[in-house]
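Okay, here's what each chain looks like letter by letter:
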Amino acid sequence: SQKIEQNSEALNIQEGKTATLTCNYTNYSPAYLQWYRQDPGRGPVFLLLIRENEKEKRKERLKVTFDTTLKQSLFHITASQPADSATYLCALDPSGGYQKVTFGTGTKLQVIP
Amino acid sequence: GAGVSQSPSNKVTEKGKDVELRCDPISGHTALYWYRQSLGQGLEFLIYFQGNSAPDKSGLPSDRFSAERTGGSVSTLTIQRTQQEDSAVYLCASSLFGLGGMDNSPLHFGNGTRLTVT
């Protein structure tokens, strides 16, 4: 069956360090992969999209990699700040036909001052 | 510009009652989604609309759940004879559906309706 796995345990890191979150998937051939941020009591907010033919995408302090051989995406936040504390969700779209977007369970990141 | 609006933000209902949840998507967004998020869980896909039609209802948990969308805009999710296991946050999202899939169409979420069935 199709599965998207993110670290279920919370990730605690020191302010200023780089946070690395993992998204692994099985039985998918996603055309696109997205990362979202979710704060308590709010809906997810889109951060970055990466296509299957792209290896890496950057936006300010964020970097996403996409390895379709390993079936894995890594999400990096450099120079992390306490304001980066949130839950981060990866999402897959299996094709360009229509967007049945499927989400992972998310990883909670806590940046400690 | 307004984002996706959901109402009510909170709803407490007694077991067995019907509830209606409303979603106002971003103007011009043709695609609309409903998801459910239980405490500490990921987002569970419920239903997808393209315009007023729902090509994918595969995520609706039971026949007590139904959804409609009118005028290519507002959508309502109805849960009949609510059960305690229906308690969750119901999230609505919209996107500007374009050719090529997600390329230009990230999902824009509302802040959800927190449903509590007592």
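Residues numbered from 1 in each chain as written. Chains lettered and ligands numbered in written order. Predicted model: local features only at pLDDT ≥ 70, side-chain atom pairs only at ≥ 80, totals over all residues. Heavy atoms only, no water.

1. Some points on the overall build of chain A
Item 1. A count of helices and strands for chain A gives zero helices and 11 strands.
Item 2. Reading chain A from its N terminus to its C terminus gives the helix and strand order β-β-β-β-β-β-β-β-β-β-β.
Item 3. The C-alpha radius of gyration computed for chain A amounts to 14 Å, which stays within 12% of the reference 13 Å derived for 113 residues, consistent with globular compactness.
Item 4. Each of the three principal axes of chain A carries a C-alpha extent, and together these read 45 × 30 × 20 Å.
Item 5. By the burial criterion, 45% of the 113 residues in chain A qualify as buried.
Item 6. For chain A, contacts bridging at least 24 residues in sequence account for 54% of all contacts bridging at least 6. (Helix = DSSP H or I, 4+ residues; strand = E, 2+ residues; numbered from the N terminus. Rg over C-alpha atoms; globule rule 2.2 N^0.38 Å. Buried < 20%, exposed > 50% of the residue type's maximum accessible area, 1.4 Å probe, protein only. Contact = heavy atoms within 4.5 Å.)

2. So, the layout of surface pockets
Item 1. Volume-wise, the largest pocket comes out at about 630 Å³.
Item 2. If you list the elements that add at least two residues to the lining of the largest pocket, you get strand S9 (86-93) and strand S11 (107-112) of chain A together with strand S9 (88-95) and strand S11 (113-117) of chain B.
Item 3. Looking at the lining of the largest pocket residue by residue, the classes come out as nine nonpolar, 18 polar and four charged.
Item 4. Within this model, the second largest pocket holds a volume of roughly 160 Å³.
Item 5. Lining the second largest pocket we find Gln2, Lys3, Ile4, Tyr28, Lys100, Thr102 and Phe103 of chain A together with Phe45 of chain B.
Item 6. Secondary structure elements with two or more residues in the lining of the second largest pocket: strand S1 (3-6) and strand S10 (102-103) of chain A.
Item 7. Of the residues assigned to the lining of the second largest pocket, the class counts are four nonpolar, two polar and two charged. (1 Å grid on protein atoms, 1.4 Å probe; cavity = no way out; pocket = protein on both sides within 12 Å on 5 of 7 lines; lining within 4 Å. Points joined across faces, edges and corners; volume = space filled by probe spheres on them. Nonpolar A, V, L, I, M, F, W, Y, C, P; charged D, E, K, R; others polar.)

3. Details of the packing of aromatic side chains
Item 1. Under the definition given, this model contains 12 aromatic pairs over all chains.
Item 2. Seen from their ring centres, tyrosine 36 of chain A and phenylalanine 109 of chain B are 6.0 Å apart, and the 90° between their planes marks the pair as edge-to-face. With tyrosine 36 of chain A in strand S4 (residues 32-38) and phenylalanine 109 of chain B in strand S10 (residues 108-109), the pair connects residues from two separate chains.
Item 3. Members of the aromatic cluster, joined through ring pairs, are Tyr36, Phe46 and Phe103 of chain A together with Tyr33, Tyr35, Phe45, Tyr48 and Phe109 of chain B. (Phe/Tyr/Trp six-rings, centres within 6.5 Å; stacked < 30°, edge-to-face > 60°.)

4. Observations concerning the nonpolar core
Item 1. Counting 23 residues, the largest nonpolar core has Trp35, Phe75 and Tyr88 of chain A as the members making the most contacts within it.
Item 2. Listed by contribution, the elements that provide at least two residues to this core are strand S3 (19-26), S4, strand S5 (45-51), strand S7 (62-67), strand S8 (72-77), S9 and S11 of chain A. (Core = buried A, V, L, I, M, F, W, Y, C linked by side-chain atoms within 4.5 Å.)

5. Observations concerning the environment of cysteine 23 of chain A
All names here are of chain A.
Item 1. Structurally, the position occupied by cysteine 23 is in strand S3.
Item 2. Residues cysteine 23 and leucine 89, spaced 66 residues apart in sequence, show a C-alpha to C-alpha distance of 8.5 Å.
Item 3. With residues near it in sequence (within four places) discarded, cysteine 23 still touches Ile4, Glu5, Gln6, Trp35, Lys71, Gln72, Ser73 and Cys90.

6. Examining the side chain of aspartate 84 of chain A
All names here are of chain A.
Item 1. Secondary-structure assignment places aspartate 84 in the loop between S8 and S9.
Item 2. Overall, aspartate 84 belongs to the buried group, its relative accessible area being 7%.
Item 3. In terms of polar contacts, aspartate 84 uses its side chain to reach the side chain of arginine 61, at 2.9 Å.
Item 4. Leave out the neighbours within four places in its chain, and aspartate 84 touches Arg37, Arg61, Ile77, Ala79, Leu109 and Val111. (Polar contact = N/O pair within 3.5 Å; in protein donor to acceptor, adjacent residues only side chain to side chain.)

7. Some points on the state of the cysteines
Residues and elements named next belong to chain A.
Item 1. Within this structure, the stated rule accounts for two disulfides over all chains.
Item 2. Here cysteine 23 connects covalently by a disulfide to cysteine 90, the sulfurs 2.0 Å from one another. Between cysteine 23 and cysteine 90, the S-S dihedral sits near 60°, and the bridge is therefore right-handed. Placement of the pair is cysteine 23 in strand S3 and cysteine 90 in strand S9, with a sequence separation of 67 residues. (Disulfide = S-S within 2.5 Å.)

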